[in-house]
Structure formats: C-alpha cells, structure tokens
Amino acid sequence: GSHDSFSYWVDEKSPVGPDQTPAIKRLARISLVKKLMKKWSVTQNLTFREQLEAGIRYFDLRVSSKPGDADQEIYFIHGLFGIKVWDGLMEIDSFLTQHPQEIIFLDFNHFYAMDEAHHRRLVFRIHEAFGKKLCLACSVESVTLQTLWEKKCQVLIFYHCPFYKQYPFLWPGKKIPAPWANTTSVRKLILFLETTLSERAPRGTFHVSQAILTPRVKTIARGLVGGLKNTLVHRNLPAILDWAKTQKPGAMGVNIITSDFVDLVDFATTVIELNDLLQEDKALA
C-alpha cells in the first residue's frame, strides 16, 4: 500500500485545505509558503495508474470539499488540494477493467468540510465508477481471491464515517485498523510496528502497518527547503525496507504495509514476495 496515495500532485494555486490550522492558513497567503508546503505535502511520486502498475493495491485516501465550490465536487487533500476524486476513481477503474483478476482496497479515512450532501455525492461517485466491481461488506475471513474472482468483485471500499451503514458496499473503518506511530525515529517506528502487530486481532479485521515517519514542526523547520523526501524518507527507507523483509504474513503477521514514495526502493516487490512464505508453509504442511 501507499501512504497519502493521491498526493503525487497538489495544487499550489488553490486555497490551503481545511485540514490545516488557522495559523498555517494565514501564513499560506504568502506564495513561497505554499511552495514549501508542497514539498511536505507530497508523499508519492507515482500517479494512481503508475502505482497500480508497480504493484500497489491498497490506497490511503483523504478527501474534502473545496470552499466556495458551487458544484459540491470532492477533492483529495493533504495540506493542499489534489485532483478531483472522480478523476482518480476513473484512472483506477480503467486499470481494473484491463486486469479483471486484480483486487484493490480504497481506504477513505479522513473527511474534511463534508456535510451529508457531500458524502452522498462521494458515495454516488464511487458507485458510478465501480458498479458491479464493488465487494459487499461481509466477514473478513470469507474474502478470498477465489470468492472475489467468482463474483467478479475487484474493489473493497472502507469508509471511516457512520455513513457506511447506509450502503452495503461500504466497509466500516474498524475493519481495517491502521495504527500510526507518529515519530521521526526509525527505531521507535519499528518497535511500534512490532508491538501493534503482536496486539492485532487474530480474526475479524484486516491490518495496516504504516511504515512511515511523520515530521514534527522542528523537523520541517530544519529541512524546510529539502522537503519530506530529502529530509526524512531517502535516508530511512532502506531500514524500513529491511524491516519489511523480515516479516511473515498470516495470522498475527503482516497483512498490509504502507510506505511513502513507494518507487524509491523495491517496496512493492519486497512486500508481495512475502506471500511466498505462505506457500512454503502450505508445502510443509
């Protein structure tokens, strides 16, 4: 999976998003501030299509309405506004139509400046984009590749808002916990990932290991011009990848692993190859 999957493009010309503090919004009136914000808002280099082609199958999504937007359009957001959600969904659907055995998870986990009408519009767009490809919410254990292929289902939508109860194709957010370490230290991150894996529920949910470092205010101040990629990610990604290589999937093991800038190292291939360990276990059994 990718963290803030949509943030490969953010709009410097749009207003600062409602996910930001009033102080940041005031500062962002200065054009240079928005340019610097962009360096810290972007967490991926690849478009949705490129991520899919690289092997990414879980997408971490934050969405918002745009102040003053009369048509109630919904956008991706991470500090600054990204592309329209509809455009992203269309890009993903095009890939799925060409690859009917591929399955993806779309995790809508943050909503900003959205009332009931906005939610209805977003859910309508999701249904319009994927239609019969949507997998109805059910018990996690019953979701296998075989059953999904038989039903021609390719998309699981997780919706972290009570609105999910109104639609059978929206999975509750609690079915896909994604504990967040909120640290700049690789050592603390890896300890956190190990601890949360050991505490994960043995049944009933998927599980996201967020293998990401989060900048603090002083991190941003020190690496202001360098941005997230050059200040935090480049030098720490190899250690995070080494951790991933030592993992084992299955009960109480890793399930989904997310990262920033998934193209900088052989992230997707490393994670996908962990599945070979399950095959080895079967062969031994």
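My aim in this report is to walk through the structure given alongside it, one point at a time. Since the structure is predicted, the reported quantities are computational estimates derived from the model, not experimental observations.

### Structural notes on the pairing of strand β5 (residues 155-159)
Across a regular strand the side chains alternate sides, sitting on one face of the sheet and then on the other. In terms of residue burial, β5 counts as a mostly covered element, since 5 of its 5 residues are buried. The alternating pattern of β5 places Val-155, Ile-157 and Tyr-159 on one face and Leu-156 and Phe-158 on the opposite face, and all of these are buried. Sheet analysis places β5 next to strand β6 (residues 170-172), joined by 3 bridges and oriented parallel. For Ile-157, the partnering residue across the bridge sits in β6 and is Leu-170.

### A look at the layout of surface pockets
Considering only enclosed or pocket space, the largest pocket measures out at about 1400 Å³ in volume. Taken together, 39 residues make up the lining of the largest pocket; nearest its centre are Phe-105, Leu-145, Asn-255, Asn-275 and Leu-278. Only α6 (145-151), β8 (256-258), α10 (267-273) and α11 (275-284) provide two or more residues apiece to the lining of the largest pocket. Counting only domains with at least three residues in the lining of the largest pocket, you end up with domain 1 (1-176) and domain 2 (177-284).

### Comments concerning unusual backbone geometry
A negative phi angle characterises most non-glycine residues, just as the trans form characterises most peptide bonds. A positive phi angle is found at Asn-182, which is not glycine, with a value near 50°. Assignment of secondary structure puts Asn-182 in the loop between β6 and α7 (186-198). Even without a glycine there, the phi angle at Met-252 is positive, about 65°. Taking relative accessible area as the criterion, Met-252 reaches 36% and is therefore assigned partly exposed.

What counts as what
- Residues numbered from 1 in each chain as written.
- Predicted model: local features only at pLDDT ≥ 70, side-chain atom pairs only at ≥ 80, totals over all residues.
- Heavy atoms only, no water.
- Buried < 20%, exposed > 50% of the residue type's maximum accessible area, 1.4 Å probe, protein only.
- Helix = DSSP H or I, 4+ residues; strand = E, 2+ residues; numbered from the N terminus.
- Pairing = 2+ DSSP bridges.
- 1 Å grid on protein atoms, 1.4 Å probe; cavity = no way out; pocket = protein on both sides within 12 Å on 5 of 7 lines; lining within 4 Å.
- Points joined across faces, edges and corners; volume = space filled by probe spheres on them.
- Domains from an automatic or database assignment.

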